[in-house]
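Residues per chain, in single letters:
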Amino acid sequence: MTRLIQNSTFRLFKNKSNRLLFTCYPTCTHAKLSNLTRSSIEYSNIEGEKAQLKMEKSTSKTIVLTGYGGYDKLRIEEWPIMKPGKDEVLVNMRTNSINFAELMARQGLYDGSPKLPGVLGMEGAGIVTQLGEDVTNLKVGDRVICIKMFGLWKEFATVPAEQCFPMPDAMTFEEGVALPVNYVTAYHMLFDIGNLRKGKKVVIHMAAGGVGIAATQLCKTVPNVTVFGTASAVKHKIIREVGVTHPIDYRTQDWQTEVTKVAPDGVDIILDPLLGSDATKAYATLKPLGKVIHFGAANMVSGPGTNYFQIAKTWWQTYRPAILSMMPANKVVAGYHMGHLPQEPIREAMVDLIALYNEGKIKPRIDSVWSYEQIADAMAQMHDRKNIGKVILTPYDENNITPKT
Ligand SMILES: NC(=O)c1ccc[n+]([C@@H]2O[C@H](COP(=O)([O-])OP(=O)(O)OC[C@H]3O[C@@H](n4cnc5c(N)ncnc54)[C@H](OP(=O)(O)O)[C@@H]3O)[C@@H](O)[C@H]2O)c1
């Protein structure tokens, strides 16, 4: 059977093993696909024939963490494709992402890492290819964003259906995968914990990274917010364009001194992903009623390998404020870890964030796209502090990937 829909030809046919398959010429968009009845389509995809070959595989290309340490601990293997459980869906991942958490997990520094050999990957964007028997909120063929505490660096991954979010038609798989961890983290910290309102002053560290850019864009959704952003000097032009009011080169300048020059009374919110001496400075830089939110320990990481001296130094330099001294100081110290949150607040934030995307108020910035085979280079992009925005992985097109930076 062949149909012509919006200048694309769709064809249903049976292969040698009598399986019903689907093709689309030329490469078609999701919007066009949504016109089809999917009941008779075993699997559909925006890339037609190429996608069928993927689905006919019985194994899934997988990035496996074999031990803790450097890049050599990661290997590409073919793992069996698992059947989704009752409340799960099987998703053909088109993109995954790298979060700082995965750099730390590879070094054995991340609370909640999978058992070895295991699979990292907290985010994926792809196409639903199979439904668990109790799943009613999704269909085969839906484009979804997935979030899970690891296990998603797989060509085909099973994901609880409630942790999958339908993607807007205009959203690319690269943008979709860049949304959950970075934007939900920034959203909860600024709006739920930080109570960000107009006219406030906010310090964002690692401002050119995934969370940093998300936090800056969310600050811009509130009128007249002043953003201080720390980043390597070469990234300042871009973070200024994203919305940072005062970029600070933390490598050559003391960020606390620079902030205090502009805001001598202190600031309202500091997002601290660093710990160590930077956490201590953060508390001192708050104005009364100010809030510091600790959400990472990047100062423990000093390169691809595990550095125990750096870990101990960061731990030692991190302040431990006494509650009795916080009361007269009128300062708030908070912690945030998305991996330990229940699903409900994550869902609530995702719904709001997808609405903000549809309104054009936020747009993930993609730094670069790498194939699974390039996982070491992709991680080095972050360890070497080269990324501006999100570093993306894809299980496909290993010969055709060009880093965008
Ligand atoms: N608690 C949570 O739920 C949660 C969720 C997401 C992320 N986080 C935390 O948020 C922080 C940012 O995460 P992300 O995924 O968005 O990463 P990212 O910012 O994209 O990370 C890479 C960038 O961080 C900067 N950086 C600062 N210290 C670094 C170091 N020791 N090693 C390498 N790069 C360093 C570099 O930029 P410059 O050259 O500009 O310094 C580098 O390009 C991390 O600490 C992460 O653990 C926490």
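What counts, and where the lines are drawn
- Residues numbered from 1 in each chain as written.
- Predicted model: local features only at pLDDT ≥ 70, side-chain atom pairs only at ≥ 80, totals over all residues.
- Heavy atoms only, no water.
- Helix = DSSP H or I, 4+ residues; strand = E, 2+ residues; numbered from the N terminus.
- Polar contact = N/O pair within 3.5 Å; in protein donor to acceptor, adjacent residues only side chain to side chain.
- Contact = heavy atoms within 4.5 Å.
- Salt bridge = Lys/Arg side-chain N within 4 Å of Asp/Glu carboxyl O.
- Buried < 20%, exposed > 50% of the residue type's maximum accessible area, 1.4 Å probe, protein only.
- Axes fitted to C-alpha atoms, helices over the stretch in contact; angles between N-to-C directions.
- Parallel < 35°, antiparallel > 145°, perpendicular 65-115°, else oblique.
- Nonpolar A, V, L, I, M, F, W, Y, C, P; charged D, E, K, R; others polar.
- Pairing = 2+ DSSP bridges.
- Right-handed = clockwise from strand over helix to strand, strands pointing away.
- Core = buried A, V, L, I, M, F, W, Y, C linked by side-chain atoms within 4.5 Å.
- Domains from an automatic or database assignment.
- Patch = residues over 30% accessible without salt bridge, like charges linked within 9 Å, V, L, I, M, F, W, Y side chains within 5 Å.
- Areas by Shrake-Rupley, 256 points an atom, 1.4 Å probe, with all protein chains shown as cover.
- pLDDT = per-residue confidence, 0-100.
- 1 Å grid on protein atoms, 1.4 Å probe; cavity = no way out; pocket = protein on both sides within 12 Å on 5 of 7 lines; lining within 4 Å.
- Points joined across faces, edges and corners; volume = space filled by probe spheres on them.
- Lys, Arg positive; Asp, Glu negative; His and termini not counted.
- Left-handed = near helix turned anticlockwise from the far one by under 90°.

- An unreviewed UniProt entry annotates the protein as Enoyl reductase (ER) domain-containing protein of Owenia fusiformis.

## Things to note about the side chain of Gln163
Phase 1: Here Gln163 is to be found in the loop between β9 (156–160) and β10 (164–166).
Phase 2: Of the polar contacts made by the side chain of Gln163, one reaches the backbone oxygen of Ile147; its length is 2.9 Å.
Phase 3: Residue contacts for Gln163: discarding those within four places in its chain leaves Ile145, Cys146, Ile147, Lys148, Gln343 and Arg347.

## Quick look at the pattern of salt bridges
Phase 1: Applying the stated rule across the entire model yields eleven salt bridges.
Phase 2: Here Glu373 and Lys61 are joined by a salt bridge, their closest N and O atoms 3.0 Å apart. Of the two residues, Glu373 sits in the loop between β17 (366–371) and α13 (375–383) while Lys61 sits in strand β4 (residues 59–65), which places them 312 residues apart along the sequence.
Phase 3: Overall, Glu373 belongs to the partly exposed group, its relative accessible area being 39%.
Phase 4: Among the residues examined, Lys61 registers a relative accessible area of 9% and is labelled buried.
Phase 5: Between Glu77 and Arg75 there is a salt bridge, with its nearest N and O atoms 3.1 Å apart.

## Let's talk about the packing of helix α5 (residues 180–193) against helix α12 (residues 343–358)
Phase 1: In contact at an axis separation of 10 Å, α5 and α12 are set at 100 degrees when each is read in the N-to-C sense. When the axis of α5 is compared with that of α12, the two are roughly perpendicular. Of the residues in α12, those in contact with Pro180, Tyr183, Val184, Tyr187 and His188 of α5 are Pro345, Ile346, Ala349, Met350, Asp352 and Leu353.
Phase 2: For the contact of α5 with α12, the per-class residue count stands at nine nonpolar, one polar and one charged.

## Quick notes on the pairing of strand β18 (residues 390–394)
Phase 1: With five of five residues buried, β18 lies mostly within the body of the structure.
Phase 2: Burial of the side chains of β18 extends over both faces: Lys390, Ile392 and Thr394 are buried on one face and Val391 and Leu393 on the other.
Phase 3: Judged from the five bridges that link them, β17 and β18 form a sheet pairing that is parallel. Residue pairing in the sheet places Ile366 in a bridge with Lys390 of β18.
Phase 4: After leaving β17, the chain enters α13 and then returns to the sheet as β18, a path that is right-handed.

## Let's talk about the nonpolar core
Phase 1: Ranked by internal contacts, the top residues of the largest apolar core, which has 96 residues, are Ile98, Trp153, Leu353 and Leu393.
Phase 2: Mapped onto the domain boundaries, this core takes at least three residues apiece from domain 1 (7–179 + 364–400) and domain 2 (182–340).
Phase 3: One finds Val89, Leu138, Ala157 and Cys164 within the second-largest nonpolar core, a separate group that totals 13 residues.

## Regarding a nonpolar patch on the surface
Phase 1: On the surface, Ile323, Leu324 and Met327 cluster together to form a nonpolar patch covering roughly 390 Å² of accessible area.
Phase 2: Mapped onto the secondary structure, Leu324 falls in helix α11 (residues 323–329).
Phase 3: Since its relative accessible area comes to 68%, Leu324 is described here as exposed.

## Topic: helix α6 (residues 210–219)
Owing to its 3.6 residues per turn, the α-helix aligns residues three or four sequence positions apart on the same side.
Phase 1: Across the ten residues that make up α6, a large majority, ten, are buried.
Phase 2: Of the residues making up α6, those classed as buried are Gly210, Val211, Gly212, Ile213, Ala214, Ala215, Thr216, Gln217, Leu218 and Cys219.
Phase 3: Tucked into the core, α6 has its buried residues touching α5, β11 (201–204), β12 (226–230), α7 (236–242), β14 (267–272) and α12.

## Points about the confidence of the model for the protein
Phase 1: Here the protein averages 87 in pLDDT, and 84% of its residues register 70 or above.
Phase 2: Contacts for the low-pLDDT stretch residues 1–53, under 50 throughout, to residues beyond four places or in other chains number 108 contacts.

## Quick look at unusual backbone geometry
Phase 1: Cis geometry is found at the peptide bond from Leu116 to Pro117, where omega equals -15 degrees.
Phase 2: Within the secondary structure, Pro117 sits in the loop between α3 (100–106) and β7 (123–131).
Phase 3: Residues other than glycine seldom take positive phi values, yet Met206 does so here, at roughly 50 degrees.
Phase 4: You can see Met206 is positioned in the loop between β11 and α6.
Phase 5: With relative accessibility at 32%, the residue Met206 sits in the partly exposed group.
Phase 6: With phi around 75 degrees, Leu289 is a residue other than glycine that occupies positive phi space.

## Quick look at empty space enclosed by the protein
Gaps between atoms show up when a probe of the same size as a water molecule is rolled over them.
Phase 1: Per the stated rule, a full pass over the model turns up one cavity of 30 Å³ or more.
Phase 2: Computed from the structure, the largest cavity encloses a volume of approximately 40 Å³.
Phase 3: In this structure, the largest cavity is lined by Ala178, Asn182, Tyr183, Gly210, Ile213, Pro364, Arg365, Gly389 and Lys390.
Phase 4: Elements that contribute at least two residues to the lining of the largest cavity include exactly α5 and α6.
Phase 5: Residues that form the lining of the largest cavity fall into these classes: four nonpolar, three polar and two charged.
Phase 6: Among the domains, domain 1 (7–179 + 364–400) and domain 2 (182–340) are the pair contributing at least three residues each to the lining of the largest cavity.

## Quick notes on the side chain of Asp278
Phase 1: If you trace the backbone, Asp278 turns up in helix α9 (residues 277–285).
Phase 2: Buried and without a salt bridge, Asp278 has Lys281 as its closest oppositely charged side chain, separated by 4.6 Å.
Phase 3: Setting aside anything within four residues of it in sequence, one finds Asp278 in contact with Trp255, Asp272 and Asn299.

## Examining the packing of α5 against α6
Phase 1: Look at α5 against α6: their axes get within 8 Å of each other, and the N-to-C directions meet at 50 degrees. For the element pair α5 / α6, the angle class is oblique. The crossing of α5 and α6 is right-handed. Between α5 and α6, the contacting residues are Asn182, Tyr183, Thr185, Ala186, Tyr187, Met189, Leu190 and Phe191 on the first element and Gly210, Val211, Ala214, Ala215, Gln217, Leu218 and Cys219 on the second.
Phase 2: Of the residues in the contact of α5 with α6, the class split is eleven nonpolar, four polar and no charged.

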